[in-house]
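Per-entry structural report
One-letter residues, chain by chain:
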Amino acid sequence: MHWIGRVSAPIFFFCMVWGFNYTSNRKIYLFRMYGFGVIMALIDYICNNVYQEPYCYISNNIFVILFFDWYCFMDIRNS
């Protein structure tokens, strides 16, 4: 199951860069990425509280990582 995450992360990064190049408003794109990260964090929180397994804890959120990557990129690009 771990190999699925290793394959999906580069695909997410590629799609994010592809979308960033073709978007008309980059700030809205950045806030959408943040919004999906918040939604995914809430879903993780609900799943962890509903299914309280001691050896299975969901804490992965690629949208927050993508948001902070692009936020840093935009900060570097504007300076």
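Residues numbered from 1 in each chain as written. Predicted model: local features only at pLDDT ≥ 70, side-chain atom pairs only at ≥ 80, totals over all residues. Heavy atoms only, no water.

Points about the overall build of the protein
This is how it is decided: Each helix corresponds to a stretch of at least 4 residues labelled H or I by DSSP, and each strand to a stretch of at least 2 residues labelled E; elements are numbered beginning at the N terminus. Working definition: with a 1.4 Å probe on protein chains only, accessible area under 20% of the residue-type maximum means buried, over 50% means exposed, and in between means partly exposed. The contact rule is simple, with two residues in contact once any of their heavy atoms fall within 4.5 Å. In these tables, accessible area is a Shrake-Rupley quantity obtained with a 1.4 Å probe, and a residue counts as shielded only by the protein chains included in the view.
Scanning the protein for helices and strands turns up three helices and zero strands. Within the span of the protein, comprising 79 residues, buried residues form 18% of the whole. If you take every contact in the protein between residues at least 6 apart in sequence, the share linking residues at least 24 apart comes to 57%. Put simply, the protein shows about 6700 Å² of open surface, and 68% of that area lies on carbon and sulfur atoms.

Observations concerning the nonpolar core
Using the following cut-off: Think of a nonpolar core as a cluster: buried Ala, Val, Leu, Ile, Met, Phe, Trp, Tyr and Cys residues, connected wherever their side-chain atoms sit within 4.5 Å.
Judged by nonpolar contacts, Met 16, Phe 20, Tyr 29, Leu 30, Met 33, Ile 62, Leu 66, Phe 67, Trp 70 and Met 74 together constitute the single largest core of ten residues. For this core, the secondary structure elements donating two or more residues are helix H1 (2-22), helix H2 (26-50) and helix H3 (62-78). The greatest single-element share of this core, amounting to five residues, is contributed by H3. Not counting the four nearest positions on each side in its chain, Trp 70 is found in contact with Met 16, Val 17, Phe 20 and Leu 30.

Considerations on the packing of aromatic side chains
Filter applied, for reference: Pairs were defined over the aromatic rings of Phe, Tyr and Trp, the Trp ring being its six-membered one, requiring ring centres within 6.5 Å. Orientation was assigned from the angle between planes: stacked under 30 degrees, edge-to-face over 60, tilted for the rest.
Going through the model one piece at a time under the given rule, you end up with two aromatic pairs. Ring geometry for Trp 18 versus Tyr 22: centroids 5.3 Å apart, planes at 50 degrees, classification tilted. Residue Trp 18 and its partner Tyr 22 are both found in helix H1; the two are separated by four residues, about one turn of the helix. The exposure class assigned to Tyr 22 is exposed, which follows from its relative accessible area of 61%. An aromatic cluster is built from Phe 14, Trp 18 and Tyr 22, whose rings are joined through pairwise contacts.

Overview of the environment of Met 16
For Met 16, the position within the fold is in helix H1. The buried category is assigned to Met 16, whose relative accessible area is 4%. Taking the C-alpha atoms as reference, Met 16 lies 9.7 Å from Phe 67; in sequence the two are 51 residues apart. Those residues within four positions of Met 16 in sequence are excluded, and the remaining contacts are Tyr 29, Met 33, Leu 66 and Trp 70.

Quick notes on a nonpolar patch on the surface
Selection rule: In this scheme, patches are assembled from residues that exceed 30% relative accessible area and form no salt bridge. Like charges are connected within 9 Å, while nonpolar side chains (Val, Leu, Ile, Met, Phe, Trp, Tyr) are connected within 5 Å. Any carboxyl oxygen of Asp or Glu that lies within 4 Å of a side-chain nitrogen of Lys or Arg is treated as forming a salt bridge with it.
On the surface, Trp 3, Ile 4, Val 7 and Ile 11 cluster together into a nonpolar patch covering about 420 Å² of accessible area. In this fold, Val 7 is placed in helix H1. Looking at Val 7, the relative accessible area reads 45%, which means it is partly exposed.

Description of the confidence of the model for the protein
The predicted coordinates should not be examined in detail at positions where pLDDT is low. Heads up, the condition is: A residue's pLDDT is the confidence the predictor assigns to it, expressed on a 0 to 100 scale.
When the pLDDT values of the protein are averaged, the result is 78; 86% of them are 70 or greater. Mean pLDDT in the protein bottoms out at H3, which sits at 72, and peaks at H2, which reaches 83.

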